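Architecture and fold: a report
So the chains spell out like this:
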Amino acid sequence: MSERRLLFVCLGNICRSPLVEVVARKRLAEAGLDVVVASCGTSGWHAGEGADPRMVAAARAAGHDLSRHRARQLHAPDFTDYDFLLAMDRDNLRGLHKLAATPEQMERAALFLEWTGVASPLEFPDPWYGDAAGFTAAVNLAERGVAGLIERLRDADR
Ligand code: 4NP
């Protein structure tokens, strides 16, 4: 099976996309799928910082280690370095579309939950503005999205 490269994209790269990255890395490995995953933010507001401590704690409670994450900003080479660039919400997708240099690059940017077939919700709610329950909900939604992602990649191999 060919290697695939997926980039998860949110706003700050300290909550949603780093969470999806670590959940995906673990579940893909368990599924025996050879896929490279990474994450970044459309903004550089938190570049160089670790993940939000509330996100780290909720991820740890579910067995996912976010302690080594460092935030970075989306840049143009991501369109050549990754096969699919998957945005957490429509604002993030607009950020990707702004940076895309060709129609082909535009087509490889999509909403994460749509691409994975979750569809409801279509946008990944940002827990940054809310309470601890929102971070726990984010972990559950990341697991759902990644389960859909694995289904999609398996279907593509059939
Ligand atoms: P993320 O969450 O995009 O899921 O990493 C946010 C992190 C930081 C901010 C907004 C959202 N902020 O406004 O700094």
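Before going into details, it helps to say that this report is about the structure given with it. Residue numbers here run from 1 along each chain, matching the order of that chain's written sequence. Two thresholds apply to this predicted model, a pLDDT of at least 70 for residue-level local features and 80 or more for giving and counting side-chain atom pairs, whereas whole-chain, interface and lining totals are computed over all residues. Hydrogens and water are ignored here; the side-chain numbers use all heavy atoms of the structure.

1. Some words on the overall build of the protein chain
Scanning the protein chain for helices and strands turns up 7 helices and 4 strands. Only DSSP runs of H or I reaching four residues or more are called helices, and only runs of E reaching two or more are called strands; each is numbered from the N terminus. For the protein chain, the sequential pattern of α-helices and β-strands runs β-α-β-α-α-β-α-α-β-α-α. Only C-alpha atoms enter the radius of gyration; for comparison, a globular chain is expected to reach 2.2 Å times N to the power 0.38, where N is the number of residues. Taken over C-alpha atoms, the radius of gyration comes to 14 Å for the protein chain, in line with the 15 Å a tight globule of 158 residues would show. Taken along its principal axes, the extent of the C-alpha atoms in the protein chain is 40 × 35 × 30 Å. Buried residues are those whose accessible area, probed at 1.4 Å on protein chains only, stays under 20% of the maximum for their type, while exposed residues exceed 50% and partly exposed ones sit between those limits. Residues classed as buried in the protein chain amount to 47% of the 158 residues present. For the protein chain, restricting intrachain contacts to residue pairs at least 6 apart in sequence, the fraction spanning at least 24 positions comes to 73%. As displayed, the protein chain has an accessible area near 7600 Å², and 53% of this comes from carbon and sulfur atoms. For the purpose of counting charges, residues Lys and Arg are taken to be positive, whereas Asp and Glu are taken to be negative. His and the chain ends are not included. Every charge is mapped onto a representative atom, which is NZ of Lys, CZ of Arg, CG of Asp or CD of Glu. When the 19 basic and 22 acidic side-chain charges of the protein chain are each reduced to a single mean position, those positions are 2 Å apart. Should any heavy atoms of two residues lie within 4.5 Å, those residues are considered in contact. Note that accessible areas follow from Shrake-Rupley with a 1.4 Å probe, and for residues the cover is restricted to the protein chains shown.

2. Details of the site of the ligand
Close contacts around the ligand come from Cys10, Leu11, Gly12, Asn13, Ile14, Cys15, Arg16, Trp45, His46, Asp126, Trp128 and Tyr129, and that covers them all. In protein, a polar contact means a hydrogen-donor-capable atom and an acceptor-capable atom, both N or O and within 3.5 Å, with residues adjacent in sequence counting only if both atoms are side-chain atoms; elsewhere, any N or O pair within 3.5 Å suffices. One nitrogen or oxygen atom from the main chain of leucine 11 is found 2.9 Å from an oxygen atom belonging to the ligand. Note that an oxygen atom of the ligand is positioned 3.1 Å from one of the side-chain N or O atoms of aspartate 126. Considering only residue class, the shell around the ligand consists of 7 nonpolar, 3 polar and 2 charged. Throughout, near means a residue has at least one heavy atom within 4 Å of the molecule or strand. Each residue is assigned to one class: nonpolar for Ala, Val, Leu, Ile, Met, Phe, Trp, Tyr, Cys and Pro, charged for Asp, Glu, Lys and Arg, and polar for all the others, Gly among them.

3. Notes on the nonpolar core
We call a set of buried Ala, Val, Leu, Ile, Met, Phe, Trp, Tyr and Cys residues a nonpolar core when their side-chain atoms join them within 4.5 Å. Formed by 38 residues in total, the largest nonpolar core has its most connected members in Phe8, Leu19, Leu28, Met55, Phe112 and Phe124. Ranked by residues supplied to this core, first place goes to helix α7 (residues 132–157) with 9 residues. Each residue touching phenylalanine 8, except ones within four places of it in the same chain, is listed here: Ser17, Val20, Glu21, Ala24, Val37, Ala38, Ser39, Cys40, Leu86, Met88, Phe112 and Leu149. Cys40, Tyr82, Ala87 and Leu96 belong to the second-largest nonpolar core, a separate cluster that totals 14 residues.

4. Quick look at the pattern of salt bridges
Whenever Lys or Arg places a side-chain nitrogen within 4 Å of a carboxyl oxygen from Asp or Glu, that contact is recorded as a salt bridge. Per the stated rule, a full pass over the model turns up 12 salt bridges. The partner of arginine 16 in a salt bridge is aspartate 89, with the nearest N and O atoms 2.9 Å apart. Highlighted residues: arginine 16 in helix α1 (residues 16–31) and aspartate 89 in the loop between β3 (84–87) and α4 (90–99), separated in sequence by 73 residues. A salt bridge links arginine 94 to aspartate 91; its shortest N-O distance comes to 2.5 Å. Of this pair, arginine 94 and aspartate 91 both sit in helix α4, 3 residues apart, roughly one helical turn. Since its relative accessible area comes to 51%, aspartate 91 is described here as exposed. In this structure, a network of salt bridges that share partners links the residues Arg16, Asp89 and Asp126.

5. Considering α1
With 16 residues, α1 should cover 22 Å at 1.5 Å per step; its first-to-last C-alpha distance of 22 Å lies within 8% of that length. Among the structural elements, β1 (4–10), β2 (35–41), α2 (53–61), α4, α6 (112–115) and α7 are those in contact with the buried residues of α1. In the stretch just after α1, glycine 32 is the one whose phi turns positive, near 70°. Residue count minus one, scaled by 1.5 Å, sets the expected span of a helix.

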